[in-house]
Amino acid sequence: MFEGFLDQGVKQSEGQFFTPMPICRFILMSLPLESLIRDNPAPPLAIDYACGAGHFLTELALQVHPLLTQHKPQAKPAEYHKAMVGIEKEYRLSKVAKVSAFMYGQQEIQICYGDALINRHDAFSDIRDGHFDLLVANPPYSVRGFLETLPEEERKAYTLSGTINDAETANSIETFFIERAKQLLKSGGVAAIILPSSILSNGGGTYIRAREILLQYFDIVAIAEFGSGTFGKTGTNTVTMFLRRKPTQPDTAEHYRGRVNDWFKDAGAGKQKQEIYKDAHLLEAYCAHIGVPQEDYRTLLSGDTKGTWKKQAHFQPYHDPFMNSTELKNLKKTKKFKDLSKDEQTAEIAKRYLAHVRSMERDKLYHFVTASDQKNPVLIIRSPSGTKEIKQFLGYEWSSAKGDEGIKLIEDASGKHVTTLYDGPDRDNPTMFNRINPAKLNSHIAANFEGTIGTIPAELCDVANHARLVDMLDFSRAVFEKQLSLAVKRTVHIKSKWPQVRLGNVCSFEYGKPLPEKKRHAGPYPVMGSNGRVGFHDEYLVKGPAIIIGRKGSAGAVVWETENCFPIDTTFYIKTKQKDIDVYFLFQILKGLDLGHLHGGVGVPGLNRNEAYELPMPLPPIGVQSQIVKECKKVDIGIASADDVIAKASADINNEVESIYASKAPRIEIAKLSSNIQYGLNEKMNEARIGYKIFRMNEIVQGRMVDNGSMKCADISADEFAKYRLNKGDLLFIRSNGSLEHIGKVGLFDLDGDYCYASYLVRVVPDISKALPKYLGCIMNSSTFRKGMVGLAVKSGGTNNINATKMKNIKVPVPSLAEQKKFVAKIEALEKKIEDAQTIIDTAPARKEAMMKKYL
């Protein structure tokens, strides 16, 4: 009746339409409300920034109530209602939302009449950036001229504004609500936003930028696609995006932007090369994804116009569009170009083509890396197409019969609402919700929010499946618009001059066997068993050497096991089917096939072995296989030796530090070894490179302060900067962090240039007449000192904090300056050994890949 009143009394215009209550309930039952209530000492702040008649807010309050009864029986529901905020631009609807909340006894819910795209609302102090734990909304779509109603100053807050040329005709209002969600949510905040399906695929700068915002600043937990009949008279196909805000400190989008920019610099040699190729496993993953050997791709990174990258098929789509581009045609008409010799013209075109390809690849690689940062796959839900199937899926249908308009729920004989989306409440107890039912889709979305990828039951496989986010993007096109495909199918192909055969013709994937936790022992390889390691049984099942493959949890991880082992039920083990196959060669092939992209399958959690069987693989003669194995094992021996070097050098460093602590050197307080101890700068930071570079805690790397190329800046005066300017030899330690693992870490500043530091860091300026900076940094980073630091940490609001006044009273051994110099020389020599050994390990995959390519 209420829906009918709204439909007749409030005309649905300006992109408005109301969310049916079953969809509201499904969305809120899919969100991690229980952990938000259970784990937060204060009521979580929630917002619907296009609240309409207030459906989401009233439903949220209803679902919060039983969770309070379960987890916080002493809490007052009114306090939780007060933490819920709605914004509505249509004055009449804002009144309806207020009345609706009152009717439900939820009158404390705050309803703001105003434009949600405006940054602040004077009467509602809770509405501010980075403040909300939860956002849920069905914002308006396709509102022509919406930008003209937004004040010019407010438009500047949106990067999307730069993609719009004509504010009068612009109608992509839904994209601005995506960026507004990014602004409002705090780090780790969750959201569910209903958007038109076109958001995933529309061309044009505004929609592309909106998808960039999604990829850079959110983990996409799930996407639920609903058909045109879901919202009654409005025929728009929609998707509900279930999102989690990525960390804001450190800003992963900024970190990876800097990392990719580093990769596209000339690698040079020595230490600079090692800096550039940090996170090299991500570059390796991208090359594997697009089917280009790393050594070929690196010729593109180094700016070689004649590099081996040019012969790779991945780059061919760029050629013709570039050669036919207006830019090139205009260039050829210029006198300057015509005056060049033929060779010079060819070189100029090659230079511009290289710049074009590098620009496109920089964008692709950056978004591959940001998408790879999402550890869990995306849960994709797609409504069936048949009328009967849609009705069963949604659990309701629309009636237009006179006097009987609106939603008609599908109910069983007992009157319980029946839908594939969620477990409807009992008729006798409508305030109780069963949030965990594996037969319902909401339970799988909620599990994915919590980081646990559940098995999708066979009865849901027609409408739901998992996919890696990187597999939803198409990196093969000449123009990369970041469209997100819900129909994911990817095959990895290893190019070779030898015959290709089905993987299933060569081997079979056999299920591991259940093994009780108490019988498990730590194995040598990670994250395949439920206890974090693959276990072993007293009576082995598989004789070593053997290939073990993760089946769930770490689906697709391929491990070489030299000993007899008992693969448990989260793994497969490999059986070969023919004699002309070397098992270690097969292991290398399986690693190259990137099996992690194969998910789903009826009754198969995680890795789908039937899809794996269909993958093509090269099968060279056994003699060639043996040569490949011989060279691969040479690389493995080098890795093992490098591991030993790192372990020994690390132990030697610890021993050197412990010998200092065991010595009779006098113990002196940090305060007496320092000329200054100072808290950092509490100032707003920017990414526009305005002001002075400012260090944050993520820039402390292995005991040094590192400029990763994507540092934020603080726009402060020269006088203010002078107070916080870092000088070589300064030490910075982390005084505030959510994790005790990072609290108290120390970095030595030894860079050229102008830098300051943020408020959650503390500067210690060593008195060099008493303590060398490198010496004091090593001592403060030692396990003995850090144990004392962690002991001083006090937890408040989920953050650990160290009081610098207490820290500076910790005493450390201080030998003579001559002894300190000897100590530092030993440490630097050991660090050089570790750096060289790590280079051997980091380059091993590339060397194996080059060797495989040589023989295949």
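The notes below deal with the structure included here. (Residues numbered from 1 in each chain as written. Predicted model: local features only at pLDDT ≥ 70, side-chain atom pairs only at ≥ 80, totals over all residues. Heavy atoms only, no water.)

With that settled, consider the overall build of the protein chain. The helix and strand tally for the protein chain stands at 28 helices and 32 strands. By residue count, 51% of the 856 residues in the protein chain fall in the buried class. Partitioning the contacts of the protein chain with sequence separation of at least 6, the portion at a separation of at least 24 is 73%. Surface accessibility of the protein chain: about 38,800 Å² in total, with carbon and sulfur atoms responsible for 52%. (Helix = DSSP H or I, 4+ residues; strand = E, 2+ residues; numbered from the N terminus. Buried < 20%, exposed > 50% of the residue type's maximum accessible area, 1.4 Å probe, protein only. Contact = heavy atoms within 4.5 Å. Areas by Shrake-Rupley, 256 points an atom, 1.4 Å probe, with all protein chains shown as cover.)

With that settled, the discussion passes to the sheet that holds strand β28 (residues 755-757). Here four strands make up an open sheet; going across it, the order is β20-β24-β21-β28 and the pairing mixed. Whereas interior strands pair on both sides, the edge strands pair on one side only; in this sheet they are β20 (685-686) and β28. For strand β21 (residues 692-695) and strand β24 (residues 713-714), the ladder comprises two bridges, and the chain directions are antiparallel. Directly across from K693, in β24, lies its bridge partner C713. (Pairing = 2+ DSSP bridges.)

Applying the stated criterion across every chain, the model contains 29 aromatic pairs. For the ring pair F26 and F242, a centre distance of 6.2 Å and an interplane angle of 85 degrees mean the geometry is edge-to-face. Highlighted residues: F26 in helix α2 (residues 21-30) and F242 in strand β7 (residues 238-245), separated in sequence by 216 residues. Ring centres of Y286 and Y297 lie 5.7 Å apart, and the angle between their planes is 80 degrees; on these two criteria the pair is classed as edge-to-face. On the criterion of sequence distance, the pair formed by Y286 in helix α12 (residues 280-290) and Y297 in helix α13 (residues 294-301) is long-range, its members being 11 residues apart. Across this residue pair, the class does not change: Y286 and Y297 are buried. Cluster of aromatic residues (ring-pair linked, three or more members): Y286, Y297, W309, F315, Y318, F322, Y353, F368, F475 and F480. Taking NZ or CZ as reference, K577 lies 5.9 Å from the ring centre of Y613, over its face. (Phe/Tyr/Trp six-rings, centres within 6.5 Å; stacked < 30°, edge-to-face > 60°. Lys NZ or Arg CZ within 6 Å of the ring centre and 35° of its normal.)

Okay, helix α26 (residues 783-791) next. At 3.6 residues per turn, the α-helix brings residues three or four places apart onto the same side. Those residues of α26 lying buried are F785, R786 and M789. Projected down its long axis, α26 shows its buried positions confined to an angular sector of 95 degrees, all on one face. When the buried face of α26 is taken as reference, the exposed residues oriented beyond 90 degrees from it are S783, K787 and G791. Contacts from the buried residues of α26 go to α23 (622-662), β25 (731-734), α25 (773-781), α27 (804-807) and β32 (811-813). (Arc of directions from axis to C-beta.)

What follows concerns the pattern of salt bridges. Counted by the stated rule, this structure contains 41 salt bridges. The closest approach of N and O atoms between K848 and D636, which form a salt bridge, is 2.7 Å. Here the residue K848 occupies a position in helix α28 (residues 817-855), and D636 occupies one in helix α23, the gap between them amounting to 212 residues. We classify K848 as buried; its relative accessible area is 13%. Taking the relative accessible area as the measure of exposure, D636 reaches 23% and is therefore partly exposed. Salt bridges linked by common partners bring R209, E212, D363 and K482 together as one network. (Salt bridge = Lys/Arg side-chain N within 4 Å of Asp/Glu carboxyl O.)

Now for the nonpolar core. Grouped burial of nonpolar side chains is what soluble globular proteins tend to show. Counting 91 residues, the largest nonpolar core has Y49, L135, I223, M241, Y297, L365 and M472 as the members making the most contacts within it. The residues touching L365, leaving out its near neighbours within four places in the chain, are V260, W263, F264, L283, Y286 and Y297. In terms of nonpolar packing, the next biggest core, distinct from the first, is built from 52 residues, A46, A101, I111 and I381 among them. (Core = buried A, V, L, I, M, F, W, Y, C linked by side-chain atoms within 4.5 Å.)

Attention shifts here to the packing of α25 against α28. Interaxial distance between α25 and α28 falls to 9 Å at its minimum, and their mutual angle equals 65 degrees. Taken together, the axes of α25 and α28 are roughly perpendicular relative to one another. Here α25 and α28 pass one another in a crossing that is left-handed. Taken together, the residues of α28 that come into contact with α25 (itself represented by K774, Y775 and C778) are Q820, F823, V824, I827, E828 and E831. For the contact of α25 with α28, the class distribution of residues is five nonpolar, one polar and three charged. (Axes fitted to C-alpha atoms, helices over the stretch in contact; angles between N-to-C directions. Parallel < 35°, antiparallel > 145°, perpendicular 65-115°, else oblique. Left-handed = near helix turned anticlockwise from the far one by under 90°. Nonpolar A, V, L, I, M, F, W, Y, C, P; charged D, E, K, R; others polar.)

Another aspect to go through is unusual backbone geometry. Of note in this structure, S142 is not a glycine but carries a positive phi near 50 degrees. We classify S142 as partly exposed; its relative accessible area is 46%. Phi at K482 is positive, roughly 60 degrees, even though this residue is not glycine. Among the secondary structure elements, K482 is positioned in the loop between β11 (464-467) and β12 (500-502). Assessed through its relative accessible area of 2%, K482 is described here as buried.

This part is about the environment of R382. Mapped onto the secondary structure, R382 falls in strand β8 (residues 378-382). With relative accessibility at 32%, the residue R382 sits in the partly exposed group. Taking the C-alpha atoms as reference, R382 lies 8.2 Å from L486; in sequence the two are 104 residues apart. Setting aside chain neighbours within four positions, we find R382 in contact with E225, V463, L486 and A487. Polar side-chain contacts of R382 include one of 3.0 Å to the side chain of E225. (Polar contact = N/O pair within 3.5 Å; in protein donor to acceptor, adjacent residues only side chain to side chain.)

No statement about biological role is implied by the geometric values presented.
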